[in-house]
Amino acid sequence: MEHGSFTDNSAATFSLTDEDHTIANAVRFTLNQDPRVTFCGYSIPHPSEARVNIRVQTTGDPAREVLKDACQNLMLMCRHVRCTFDKAVEDFKASNAVKAMKIDSQDSSGDDSEESE
Amino acid sequence: VRLNEDDMEFDMIGIDAAIANSFRRILIAELPTMAIEKVLIANNTSIIQDEVLAHRLGLVPIRVDPRLFDYLSENDQPNEKNTVVFKLHVQCKRGSPRITVKSDALKWLPNGSELVKETRNATSDSSSKPETYTYFGCSQETIPEFVKNPIIPKYPDIIVAKLGPGQEIELEAHAVKGIGKTHAKWSPVATAWYRMLPEVVLLEDIEDDLAEELKSKCPVNVFDIEDLGKGRRRATVARPRACTLCRECIRGDDWEKRVALRRVKDHFIFTIESTGALPPEVLFTEAVKILEDKCERVITELS
């Protein structure tokens, strides 16, 4: 649901139902990274009601498109996190399996499986 | 860093606090699990009240993959795709000592409910199968995943009730899929948290006696002494990860000028402890997938 002025496409407030801080904060963060955005924020009108208002003001581009792009970026980020995580888990398990196969009783300390973005 | 069957700890670098918090919230509240929701009590002569017993049964974690099941909504019939049925029948005979009812007394019924519904309809066909509380089309045993792993509670030694002589409990419990938002019994993690990597910076060179003092102050041994040669020693930060930010090292006079305690802004140390339905790395992957799905929903609502 969008409330905005009909003449000015670049500033709008989007009201999402059935959402809470989980997605609103993440979307707000990705919106902030976008250089076309002059102002963005979210608010929850009442905590008992699962509704989030996201306000976007841009430098001319329609706010709807900017929000869509931010969501797409967030999805890309998620996919990247998932891939990196899966790889890191596989590497960790592989290195642990190698260690377990060593028969002598060496003290094996935990492996550092760090992932970076 | 650490990965067991039940818990795991890993580092995430380069992400922002908003996304990390989203993952944490999803892990706790929006990952579906199976938990006992409806308890049909046939006989309960124990001192544990019906509702208390039902509440306790709901909190027992069940070792089953929730992705194999669908949600059960208000108007659906409970069938083999959305319900798991357990039976509990314990009796304490007169003259025998008290029994403790543990969660391994819950037996899985792959064929559905056995309790018969009372039908007032006098014209019902007596040759047809009696109506029970669930409508299982086929036995759940035929689903390949369950052939080798029967559905049982994850921990067999959870105390559910205690019975004295002559008391009996007979009930049937239906487990359905749900998310942690509606009730905490559906949360798949015991807990999930993250902390940011502490950064301990020595602003000045700390030598000799001061170095010894610094090392002895820290309760988790973050600092180490290295020898510079010529008999001088210097303190170094060896294990910043272990630092609990207790701030012992900056107590006392003048220490604030020499040691700075900060947090690295984008390095998160996640810890996930699973209750057992799914292994923790799978839980995290599912959480990321759910965040993606939420984004997609927003996008489709917009266009």
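These numbers were taken from a predicted model, which means no experiment stands behind them.

1. Some words on helix 1 (residues 17–29) of chain B
Residues and elements named next belong to chain B.
Then comes step 1: The terminal C-alpha atoms of helix 1 lie 18 Å apart, and with 13 residues this matches the ideal 18 Å at 1.5 Å per residue to within 8%.
Then comes step 2: Along helix 1, the residues that are buried comprise Ala18, Ile19, Ala20, Ser22, Phe23, Ile26, Leu27 and Ala29.
Then comes step 3: At the N-terminal end of helix 1, a side-chain oxygen is found 3.0 Å from the backbone nitrogen of alanine 18, two or three residues along, and the residue is aspartate 16.

2. What about the interface of chain B and chain A?
Then comes step 1: Taken together, the contact between chain B and chain A spans 36 residues of the former and 37 residues of the latter.
Then comes step 2: Summed over both partners, the interface of chain B with chain A comes to about 3,400 Å²; 64% of that surface belongs to carbon and sulfur atoms.
Then comes step 3: Inspection of the region where chain B meets chain A yields 7 salt bridges.
Then comes step 4: Residue aspartate 20 of chain A pairs with lysine 181 of chain B through a salt bridge whose shortest N-O separation is 3.9 Å.
Then comes step 5: Counting every contact that joins chain B to chain A gives 7 residue pairs in polar contact (both at pLDDT 80 or more).
Then comes step 6: Put simply, the parts of the chain that give the side of chain B that touches chain A at least two residues each are strand 1 (2–3), strand 2 (7–13), helix 1 and helix 6 (280–302) of chain B.
Then comes step 7: At 15 residues, helix 6 of chain B tops the list of elements feeding residues into the side of chain B that touches chain A.

3. Quick word on the packing of aromatic side chains
Residues and elements named next belong to chain B.
Then comes step 1: Throughout the structure, instances matching the rule amount to 8 aromatic pairs over all chains.
Then comes step 2: Looking at lysine 154, its charged tip hangs above the ring of tyrosine 155, at a distance of 5.9 Å from the centre.
Then comes step 3: The side chain of lysine 177 reaches across the aromatic face of tyrosine 71, ending 4.8 Å from its centre.

4. Some thoughts on the pairing of strand 5 (residues 84–91) of chain B
Within a regular strand, the side chains alternate between the two sheet faces.
Residue and element names in this part refer to chain B.
Then comes step 1: In the sheet, strand 5 pairs with strand 10 (residues 168–178) via 8 bridges, with the strands oriented antiparallel. Within strand 10, the residue paired with valine 90 across the bridge is isoleucine 169.
Then comes step 2: In terms of strand pairing, strand 5 meets strand 7 (residues 107–108) through 2 bridges, oriented antiparallel. For lysine 87, the partnering residue across the bridge sits in strand 7 and is lysine 107.

5. Looking at the confidence of the model for chain A
Then comes step 1: When pLDDT is averaged along chain A, the result is 76; 77% of the residues meet or exceed 70.
Then comes step 2: Across chain A, element-level confidence peaks in strand 3 (residues 37–43) of chain A with a mean pLDDT of 87 and bottoms out in strand 5 (residues 114–116) of chain A with 41.

6. A look at the sheet that holds strand 5 of chain B
All names here are of chain B.
Then comes step 1: Strand order in the open sheet made by the 4 strands is 3-10-5-7, with antiparallel pairing throughout. Two strands bound the open sheet, and with one partner strand each, they are strand 3 (33–44) and strand 7.
Then comes step 2: Pairing of strand 3 with strand 10, which is carried by 10 bridges, proceeds in the antiparallel orientation. Across the sheet, the residue bridging to leucine 40 is glutamate 172, located in strand 10.
Then comes step 3: Across the sheet, helix 2 (residues 50–58) touches strand 3 and strand 10, and the angle it forms with strand 3 is around 150 degrees.

Conventions used here
- Residues numbered from 1 in each chain as written.
- Chains lettered and ligands numbered in written order.
- Predicted model: local features only at pLDDT ≥ 70, side-chain atom pairs only at ≥ 80, totals over all residues.
- Heavy atoms only, no water.
- Helix = DSSP H or I, 4+ residues; strand = E, 2+ residues; numbered from the N terminus.
- Expected span 1.5 Å × (residues − 1).
- Buried < 20%, exposed > 50% of the residue type's maximum accessible area, 1.4 Å probe, protein only.
- Polar contact = N/O pair within 3.5 Å; in protein donor to acceptor, adjacent residues only side chain to side chain.
- Contact = heavy atoms within 4.5 Å.
- Buried area = accessible area lost by both parts, 1.4 Å probe.
- Salt bridge = Lys/Arg side-chain N within 4 Å of Asp/Glu carboxyl O.
- Phe/Tyr/Trp six-rings, centres within 6.5 Å; stacked < 30°, edge-to-face > 60°.
- Lys NZ or Arg CZ within 6 Å of the ring centre and 35° of its normal.
- Pairing = 2+ DSSP bridges.
- pLDDT = per-residue confidence, 0-100.
- Axes fitted to C-alpha atoms, helices over the stretch in contact; angles between N-to-C directions.

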